[in-house]
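What follows is the residue order along each chain.
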Amino acid sequence: MFGIFGNKKIADIDKESESLLFKPTINSSHDAVIIIRDRKSIIFSNHLMKKLKMIKTGTLVDDLEDIILFYTPVMKDWSSLDDLLDYHDKVNAPETTMFVGSKIKFDKKEIDGLSIQISTVTSEDNDTIFHIVLIHCPLEKINDARDIYHNALTGLPNQNRAYADISILTANTSPENSFAVIIMEMDNFAKIRSMAGYKEMNDLIILIANRLKELSKDERFKVYQLLHENFLIVVKDTQTINDIYEATDKINAIIESLKGMNPVYKHIGFSMGVSRYPQELTLDELLNGAYNALSRAKESGEGQIVISSAEKTEKKKLQLKDMITASDIKDALENEQFLLYFQPIINQPHFNIAGAEVLIRWKHPEKGMIFPDSFIPLAERNGMIVDITTYMLSKALKQMKNWKTFGFKPIELSVNLSAKDLDSDEFLPNLQALLNKYDIEPFRLKCEVTETASMINPTLTHKKLQAMKNMGIKISLDDFGTGYSSFAYLADFPIDSLKIDKSFIQDMNTNEKHKNIVSSMVKLAHTLGMNVIAEGVERKSDVKTLMEYGTDFFQGYFFSKPIPLLEFQHLLKNGIDVKI
Ligand code: C2E
Ligand code: CA
Ligand code: CA
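Quantities reported herein were computed from a predicted structural model and do not represent experimental measurements.

1. So, the overall build of the protein
When its secondary structure is counted, the protein shows 24 helices and 21 strands. At 27 Å, the protein has a C-alpha radius of gyration in line with the 25 Å of a compact globule built from 580 residues. Taken over the C-alpha atoms alone, the protein extends approximately 85 × 70 × 45 Å along its principal axes. Within the protein, the fraction of its 580 residues that count as buried is 50%. Of all intrachain contacts in the protein linking residues separated by at least 6 positions in sequence, the fraction that spans at least 24 positions is 64%. By element, 51% of the accessible surface of the protein is carried by carbon and sulfur atoms, the whole surface being about 26900 Å². Here the protein carries 69 positive and 80 negative side-chain charges, and the mean point of each set is 3 Å from the other.

Right under this line is the structure:
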């Protein structure tokens, strides 16, 4: 809807706002819109914005703090509009900033599940800056923020709220992150009600609700009430089945603790059905998964827990892979559906962010988030990978330029190359052109080539790596230990870093042989004048061992998963909190 601002040549937005075209369009918008001049005053506020909260034209931005506050996942706190503008100006302007999954608070009311979008437009003479703030807010949420989202008896957030929250979670959670949806249903509701009576049954439900609310003290848990005797619990960070059983144990402990309180209560029991993200990716899949699991749990007796099957998801992934075609990839490139995720690379001993590996994600409009393993091999077969690499390099270098402009501390970015890139005659000239275009010092860029890819044609690899080295670019040998490189080549290739493959790191604790191999790899790399990056570092004990061996850099879930840009920038600004 901002087409009319798209030319960025608004001579006088006051005049525009009076124009016949502009006002009715924005007033009939399903989004709440305000326009701010020079960070000071609101020069336009549409009908919906006024309905939301009487933010009138002429209100000063400074005064808004007392009227309305915003919660955004990026800033992780209640902030004023001025704070959001500040963030946008420092971090993202002139690009549009989207705060997805945000909330607003006014008059003790809260509305969540909003998207806030901030764009900047400059007047023709560059003298005036306009901020356009758009709040995408489903109408039904405005009509009554509180009541339609809570159970009248217990005050717990209800089904509407649960479904809205899960939709937001699926939209904002990257597939490296996980959460579980647990639907629990009382097993012998009718029997207990006939023993206890209607009023006592309500008291019992209130009691259960209050006890379950205590789970929310652990911020991974969020409790909802779907129906009278049905609860839904979202639990974040459930990487493994074990994490899920820990959660259901906690819930069962609460139910057990009620049994001694009243003779009737000893009959209380709950069956549970569990589904998992990212095994199930959408709200529908998660709910269907959990309900199907619940019905299987009920079939197998009282108090059973069933976790939605993972095999089904594996099959789904395979089908997905088969369905992707070369033309899908072409479309995705044209429509900018590929996103860059950033995984920090941490140095020692201070655990600062030295750089990041740039990892591709495909935000497909229908299929959701697709992981590289589902399309990179295909792209490598059909040659599209060269375009993908150029896309990733161009976005990464552009991002570095933005960081430079906004005064971020300089870091090194690592981009993955494939064997086809080394094969291509256009690759190196393209790369040089991109470095020139974005004016990036070449040593800030590191190219990762896997050990396997480097050995397909070692003579060619040597030539290309040497040419890159001469351009000043750094080189990392990726997935080291999984291929078969010979010492002769290893010593000869102009490599700056050796990246020890995660398979070695991951079973260091249980596999003494692998532990020794890792220690030898570190020594070998240092002997050859290379530094060492350990990837797949998931545990504190791994960090300790790797530090003893003198590993230079770490990458892995222990420090951070690959994360989207805004989250990564937050880490760049605030650092990573590491306790060893
Ligand atoms: P890779 O280059 O070895 O990238 C590291 C992979 O390990 C990433 O998977 C990352 O999410 C995962 N990882 C990082 N830390 C941990 C950890 O602590 N534990 C575990 N279990 N895994 C961890 P991702 O992002 O799914 O990428 C998979 C592969 O896809 C990459 O492996 C790389 O070969 C390829 N890839 C990703 N992005 C690109 C790209 O832009 N171009 C090319 N050519 N390949 C890419
Ligand atoms: Ca890599
Ligand atoms: Ca790797």
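2. Thoughts on the packing of helix α9 (residues 198-213) against helix α10 (residues 241-258)
Across the interface, α9 lies against α10 with an axial gap of 10 Å and an inter-helix angle of 140 degrees. Classified by the angle between their axes, α9 and α10 sit oblique to one another. For the pair α9 and α10, the crossing hand works out as right-handed. Between α9 and α10, the residues in contact are L207, I208, R211 and L212 and I251, I254, I255, S257 and L258, respectively. Looking at the contact of α9 with α10 residue by residue, the class counts come to 7 nonpolar, 1 polar and 1 charged.

3. Observations regarding the site of ligand 1
In the vicinity of ligand 1 lie 23 residues, with Q343, R361, K502, E538 and Y557 positioned nearest. One of the side-chain N or O atoms of N416 is found 3.2 Å from an oxygen atom in ligand 1. In the model, an oxygen atom of ligand 1 is placed 2.8 Å from a nitrogen or oxygen of the Y557 main chain. Considered on its own, ligand 1 offers 800 Å² of accessible surface; in the complex 87% of this is hidden by protein. Mapped onto the shell around ligand 1, the elements with two or more residues apiece are β14 (353-364), α15 (385-405), β18 (474-480) and α21 (502-506).

4. So, the domain arrangement of the protein
Structurally, the protein comprises domain 1 (13-141), domain 2 (150-319) and domain 3 (324-574). Taking only C-alpha atoms, the centre of domain 1 and the centre of domain 3 are 39 Å apart. The interface is formed by 9 residues belonging to domain 1 together with 6 residues belonging to domain 3. Summed over both sides, the interface between domain 1 and domain 3 buries roughly 720 Å², with carbon and sulfur atoms accounting for 54% of that surface. Across the domain 1-domain 3 interface, the total number found is 0 salt bridges. Inspection of the domain 1/domain 3 interface yields 0 residue pairs in polar contact (both at pLDDT 80 or more). Here the side of domain 1 that touches domain 3 gets 5 residues from one element, more than from any other, and that element is helix α5 (residues 81-92). Of the residues contributing to the side of domain 1 that touches domain 3, the split by class is 5 nonpolar, 1 polar and 3 charged.

5. So, the coordination of the calcium ion (ligand 2)
Every protein donor of the calcium ion (ligand 2) is listed here as E357 (OE), N416 (OD1), E448 (OE) and D478 (OD), and their distances to the metal cover 2.1 to 2.3 Å. Site description for the calcium ion (ligand 2): donor spacing in sequence, E-x58-N-x31-E-x29-D. Between the calcium ion (ligand 2) and the calcium ion (ligand 3), a separation of 3.9 Å is found, and both are coordinated by D478. Of this pair, E448 sits in strand β17 (residues 445-450) while D478 sits in strand β18, and the two are 30 residues apart along the sequence. Accessibility classification places E448 together with D478 in one group, the buried group.

6. Comments concerning α5
For α5, built from 12 residues, the straight-helix expectation of 16 Å at 1.5 Å per residue is met to within 8% by its first-to-last C-alpha distance of 15 Å. Taken residue by residue, α5 has L81, L84, L85, Y87, H88, V91 and N92 as its buried positions. Projected onto a plane normal to the axis of α5, the buried residues spread over an arc of 160 degrees and lie on a single side.

7. Topic: the sheet that holds strand β5 (residues 97-106)
Ordered in space as β2-β1-β7-β6-β5-β3-β4, the 7 strands form an open sheet in which the pairing is antiparallel. Two strands bound the open sheet, and with one partner strand each, they are β2 (41-45) and β4 (77-79). On average, each strand axis in the sheet is tilted by 35 degrees relative to the strand beside it, whichever way the strands run. Two strands pair when backbone bridges link them, and strand β1 (residues 31-37) and strand β7 (residues 129-136) are joined in this way by 7 bridges, in the antiparallel orientation. Bridging from a neighbouring strand, I36 pairs with H131 of β7.

8. Points about helix α17 (residues 427-438)
The end-to-end C-alpha separation of α17 is 17 Å, in line with the 16 Å expected for 12 residues at 1.5 Å each. Listed as buried for α17 are F427, L428, L431, L434, L435 and Y438. The buried residues of α17 occupy an angular sector of 120 degrees when the element is viewed end-on, so they sit on one face. Facing away from the buried side of α17 by over 90 degrees, the exposed positions are N436 and K437.

9. Side note on the environment of V100
Along the chain, the position of V100 falls in strand β5. Taking relative accessible area as the criterion, V100 reaches 34% and is therefore assigned partly exposed. Between the alpha carbons of V100 and L566 there is a distance of 11 Å; along the sequence they are 466 residues apart. Setting aside chain neighbours within four positions, we find V100 in contact with P73, L114, S115 and N172.

10. Points about the packing of aromatic side chains
Enumeration over the complete set of coordinates arrives at 17 aromatic pairs. Residues F351 and F554 carry aromatic rings whose centres are separated by 6.3 Å and whose planes lie at 40 degrees to one another, so their mutual orientation is tilted. Residue F351 is located in the loop between β13 (338-347) and β14, and its partner F554 is located in strand β21 (residues 553-555); the two are separated by 203 residues in the primary sequence. For the pair F351 and F554, one class covers both residues: buried. Members of the aromatic cluster, connected to one another through ring pairs, are F338, W362, F375 and Y391.

11. What about the side chain of T389?
With respect to the helices and strands, the residue T389 is situated in helix α15. Among the polar contacts listed, one links the side chain of T389 to the side chain of D421, at a separation of 2.8 Å. In this view, T389 contacts N416, L417, D421 and F427; residues no more than four positions away in its chain are not counted.

Rules used in this analysis
Residues numbered from 1 in each chain as written. Chains lettered and ligands numbered in written order. Predicted model: local features only at pLDDT ≥ 70, side-chain atom pairs only at ≥ 80, totals over all residues. Heavy atoms only, no water. Helix = DSSP H or I, 4+ residues; strand = E, 2+ residues; numbered from the N terminus. Rg over C-alpha atoms; globule rule 2.2 N^0.38 Å. Buried < 20%, exposed > 50% of the residue type's maximum accessible area, 1.4 Å probe, protein only. Contact = heavy atoms within 4.5 Å. Areas by Shrake-Rupley, 256 points an atom, 1.4 Å probe, with all protein chains shown as cover. Lys, Arg positive; Asp, Glu negative; His and termini not counted. Charge placed at Lys NZ, Arg CZ, Asp CG, Glu CD. Axes fitted to C-alpha atoms, helices over the stretch in contact; angles between N-to-C directions. Parallel < 35°, antiparallel > 145°, perpendicular 65-115°, else oblique. Left-handed = near helix turned anticlockwise from the far one by under 90°. Nonpolar A, V, L, I, M, F, W, Y, C, P; charged D, E, K, R; others polar. Near = heavy atom within 4 Å. Polar contact = N/O pair within 3.5 Å; in protein donor to acceptor, adjacent residues only side chain to side chain. Domains from an automatic or database assignment. Buried area = accessible area lost by both parts, 1.4 Å probe. Salt bridge = Lys/Arg side-chain N within 4 Å of Asp/Glu carboxyl O. Donors = N, O, S within 2.8 Å, 3.2 Å for Na, K, Ca; no water. Expected span 1.5 Å × (residues − 1). Arc of directions from axis to C-beta. Pairing = 2+ DSSP bridges. Phe/Tyr/Trp six-rings, centres within 6.5 Å; stacked < 30°, edge-to-face > 60°.

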